[in-house]
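Residue-level structure breakdown
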There are 2 protein chains.
Amino acid sequence: MVKKVLIIGGVACGGKTAARLMRIDPEAEVTILEKGEFLSYAGCGLPYYVGGVVKEYKDLMSTPIGVIRDATFFRKVKHVDVHTSHLATRIDRKNHTVAALDVASGEEKTFPYDKLVIATGASPIRPPIPGADLPRVFTLWNMPDALAMRSAIDSGNMKRAVIIGGGLIGMEVVEALSNQGLDVSVVDLLETPLPAMMDEEFGMYLLKALKTKGVNFYGGEKVQEIVGCNGELSAVRTDKREIPADMVLMAVGVRPNTAIAKEAGLEIGDKGGILVDLHMKTSDPDIYAGGDCVEVDHVLTGEKTWQPMGSVANRQGRVIADNIAGIPSTFHGVAGTAIMKAFEYTIGKTGQTKEQALAKEFEAEAVTIVDADTPHFMPGSASITIRLVADRRTRKVLGAQVFGPGRADKRLDILVTAVTGGLTIDMLGNTDVAYAPPYSTALDPVTHAANALKNKIDGLMASLSPSELKQKIEGGWNPLLVDVRTPDEIRTQGQLPYEFVNIPLGMLWEKAKELPQNREVVTYCKISVRGWDACAILSRLGFERVSVLEGGIAGWPFDLVK
Amino acid sequence: MVKKVLIIGGVACGGKTAARLMRIDPEAEVTILEKGEFLSYAGCGLPYYVGGVVKEYKDLMSTPIGVIRDATFFRKVKHVDVHTSHLATRIDRKNHTVAALDVASGEEKTFPYDKLVIATGASPIRPPIPGADLPRVFTLWNMPDALAMRSAIDSGNMKRAVIIGGGLIGMEVVEALSNQGLDVSVVDLLETPLPAMMDEEFGMYLLKALKTKGVNFYGGEKVQEIVGCNGELSAVRTDKREIPADMVLMAVGVRPNTAIAKEAGLEIGDKGGILVDLHMKTSDPDIYAGGDCVEVDHVLTGEKTWQPMGSVANRQGRVIADNIAGIPSTFHGVAGTAIMKAFEYTIGKTGQTKEQALAKEFEAEAVTIVDADTPHFMPGSASITIRLVADRRTRKVLGAQVFGPGRADKRLDILVTAVTGGLTIDMLGNTDVAYAPPYSTALDPVTHAANALKNKIDGLMASLSPSELKQKIEGGWNPLLVDVRTPDEIRTQGQLPYEFVNIPLGMLWEKAKELPQNREVVTYCKISVRGWDACAILSRLGFERVSVLEGGIAGWPFDLVK
């Protein structure tokens, strides 16, 4: 019995659904309607095409052996009937048909289905800023966007770029433009980059790194106008300044494309995406949906979330195909993982931040650690900062943020798996991740983070995050800061912008008696491993209120005095 | 109340126990007896010192800021009393004392304890081969071993090295010696490297890689004599050949140092290590043991195993200290992870192989996949081979092996965490590991492996591992092999050493009718993604017995025809 499967959208989820159906369902006759010209391309690779890392745009839509995944490819190899430049306009659920506009000819067509898959993706938000329609004001979401940006850069006339929006896409493009010699400025309403994704401290780490690359970040500023002169773009005006611009990228966010689903009366969720069950089925049993246009469950909270990611879309396409083929298959949700590269830095997160987790009634606790990705004696050893969150009650890992020049992506993926698998910090601390000096320290940074959080939750270690220390001191707290680094380190690494006492760790046992026992004490060093030793030594010597600054100087996201 | 804690051994577990006790137990008065001269050094870093990657041996025993972790350091910073060159000789459990020999003075001393920690480590096995006592015949287990090897290499007279034993240490040293211009040969009783750790196929991958570096591997050979000439080493003679040698490394294995524990009547396990409970406590409630001298539980089987690894030893030291300090803490076991680097290749494993799992009455199934670590359009993209094992009944991940020039260590650590957390292949396939093009493919190789194994277990994909295909063909099976690569690929990548038909995938729908429908068919391509498409196409066309060769040409560990 032939089963007509119609798929609206052929980029990530749609293309994957079609490809898998061909593999597993001999009865399926698959048709794809794609509004654009391009199919099945690596959307997440677009910043790397804009940045010149990927030389040919066709590489983003070809197989590893160089075959373009176009309509001919889908037809010939996958036996899938593909209509590009076909905009689906209406779903007739009663008659099981979809109306579509052939954009090229203007013709209205009707496509029948037994099972329909909505994979309409998302679209970038273009806020109604005056001047947003000037030339050289771009968004970067699809292949034509990338081609337009690339061509502007190739013209050789682009010297200064302004990126409106410090989210994931905006920040990915910073490196792409900066590496090509453009002067890059970023404007965001909030104070730090990646505000929707990272704690402020981690945004600050990225900010510090970007400053060393000459990138300007104007946080807490609102764009009021994109300024033109004789019809040509000239600047971006915020509530605080005017920034000259030869090109502008609007990267203020995306929203799910749900108009056709909404109009058909399918259920839409609070986050604006189409609602689907565990099998990716919508409120109509003959209609599935997946990719950027749907909401998904969060593996920790079970709540609906929206995570427009090509990787998630691909996984969902597989589940949809399975269910259409009669193989019961579920998508269990996401941990909410995101990662990006900026120059030699990696920043990413999974699960929940402490604040998010507290808001969900977890008894969340968090710790920040800084560690080396490989032993200091190995060439190329570089640092990683991890903020790990766990539940005091269940001791389960709830989330993590990572940053570093060091190999933070590996640690993030360990933590994604730990969140998904419901590992406790105790299990995580004992997990025998692979150790050899080229790959990690004997106790991997993830082990270190788990152990530090155990210490904190078990009441063995009193500690403060950098923000906590800063806020308390600014609120009038006056602890005795004891920096246990060597004077040489203090000179080269910089110091906290507060009064402190310097006693190198090796001298602490003897010199501690000179310290006033009645003061509260905060100890630290470069990464606060010695800082924690100092904490222990002072406790032994009778100091009763001693805590350690998490991450030490290396983990301090704010300005240091040098 | 002061509590005397005596620790026998100050390298990994012992040093860690002492350091943590200082931090968390104000009542502990800690003493370490270390038989050697060196304390708390990175034993796993020794091959990198021998190989000249680590320039100074002191780097292996110093803190990241360059302070040597010697007796003075332990005394001054950790307030731990350290006696180096003190060989513990006898435990008097009744009187709670340990007798030790001061190796320098020859003096017998007695040390009292309230709690004793045995961290005596392991020692390399020196098999009774004639000539084993010749000069320039080394083992590589401790710092003096490494210093001796390094000094031999620095003499400039070493041209040819023979390594006896293709296990982890032997294979790590291959690169160390080869990079310094030595001609390196390895001899092992078994046919492939890392026989205790990896399936033969993965040993073959490593072997192929080593051959390209000019390393000789003589598998299935028994060393009969280390040949000397006028008291000088000249060659290694096996049952098949004589290999000239200026230096020899004996790396045939290590065994736990348990004599003192045995003599004291503590329980010893079947694997030869001291038996401890979850709290790392021996059969004597006042004696703990950890590190290379103890057996540990396997997280999957619950059975005792022996895993002499510095990383595990450090984790156990922490648990011992906690329990001595009165904090209930457990070590839940190991997944059996190991990893090593050889030139630009990474090889590692965790959990169980299919055969090991079947022997434990798991209903184990496995699949081998080859994938790129990052998208083909990103510079530096390199391949990874993963063999994933899961239980058909519970669908839980049981183990994995990885190999590649690509970043296999990250995937291994994801899989270690999956094994430890009891993830099913379904959960693993859906886990949203971090995707951005610099870090992974949209569907990470681990996702790909999980999905392939799901297909296989669910009966959606009939497939054969390379060994299975080879064995069946050698046993007389005569399937029609269909290679769906392009002729160009076949020319450059090589072909299987069997008769085959070449039909590029894009032509398969039309050309398949020329194939005999009554033959069993095996399809493949470079990595068998197109191979699986071909499988699906042929099934659709009525071929009933079609399977795919796992990993394709890239995953073929045996010789190819070029």
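If you're wondering where the values come from, they're calculated on a predicted model, not measured in any experiment.

One copy of the chain maps onto the other through a rotation about an axis plus a displacement along that axis. Expressed as a screw operation, the relation of chain B to chain A combines 0.0 Å of axial shift with a rotation of 180°, fitting to an RMSD of 0.0 Å. What the rotation and shift describe, once combined, is the action of a two-fold rotation axis. Take the interface residues of chain B: 99% of them recur as interface residues in chain A, which is what a same-surface contact looks like.

Contact with chain B, which involves 79 residues of that partner, is made by 78 residues of chain A. Breaking the side of chain B that touches chain A down by element, the ones donating at least two residues are α1 (13-24), α3 (71-78), α8 (310-324), β21 (338-342), α10 (408-421), α11 (425-430) and α16 (529-540) of chain B. Sorting elements by how many residues they give to the side of chain B that touches chain A places α10(B) first, with 10 residues. Of the residues contributing to the side of chain B that touches chain A, the split by class is 46 nonpolar, 19 polar and 14 charged.

Residue and element names in this part refer to chain A. Ordered in space as β13-β14-β15, the 3 strands form an open sheet in which the pairing is antiparallel. A strand with exactly one partner marks an edge of an open sheet, and here the two such strands are β13 (223-229) and β15 (242-244). Taking each pair of neighbouring strands and ignoring which way they run, the sheet shows an average axis angle of 30°. Pairing analysis gives 6 bridges linking β13 to strand β14 (residues 232-238), with the strands arranged antiparallel. The residue of β14 that forms the bridge with cysteine 229 is glutamate 232.

This part is about the nonpolar core. In terms of nonpolar packing, the biggest core is built from 376 residues, with Val248(A) and Val248(B) touching the most fellow members. For Val248(A), the contacting residues outside a window of four places in its chain are Arg136(A), Val137(A), Phe138(A), Val162(A), Ile164(A), Ile226(A), Leu233(A) and Val236(A).

Position of Thr305(A) among the secondary structure elements: in strand β20 (residues 304-305). With 33 residues separating them along the chain, Thr305(A) and Gly272(A) place their C-alpha atoms 9.6 Å apart.

Of note, the phi angle at Arg136(A) is positive, near 65°, even though the residue is not glycine. Counting through the fold element by element, Arg136(A) comes out in the loop between β8 (122-124) and β9 (137-138). Positive phi, close to 55°, is recorded for His79(B), a residue that is not glycine. Take His79(B): it is sitting in the loop between α3 and β3 (81-83).

What counts and what doesn't
- Residues numbered from 1 in each chain as written.
- Chains lettered and ligands numbered in written order.
- Predicted model: local features only at pLDDT ≥ 70, side-chain atom pairs only at ≥ 80, totals over all residues.
- Least-squares fit on C-alpha atoms with pLDDT ≥ 70 in both.
- Contact = placed C-beta atoms within 7 Å.
- Helix = DSSP H or I, 4+ residues; strand = E, 2+ residues; numbered from the N terminus.
- Nonpolar A, V, L, I, M, F, W, Y, C, P; charged D, E, K, R; others polar.
- Pairing = 2+ DSSP bridges.
- Axes fitted to C-alpha atoms, helices over the stretch in contact; angles between N-to-C directions.
- Core = buried A, V, L, I, M, F, W, Y, C linked by C-beta atoms within 7 Å.
- Buried ≥ 20, exposed ≤ 12 C-beta atoms within 10 Å, placed from the backbone.

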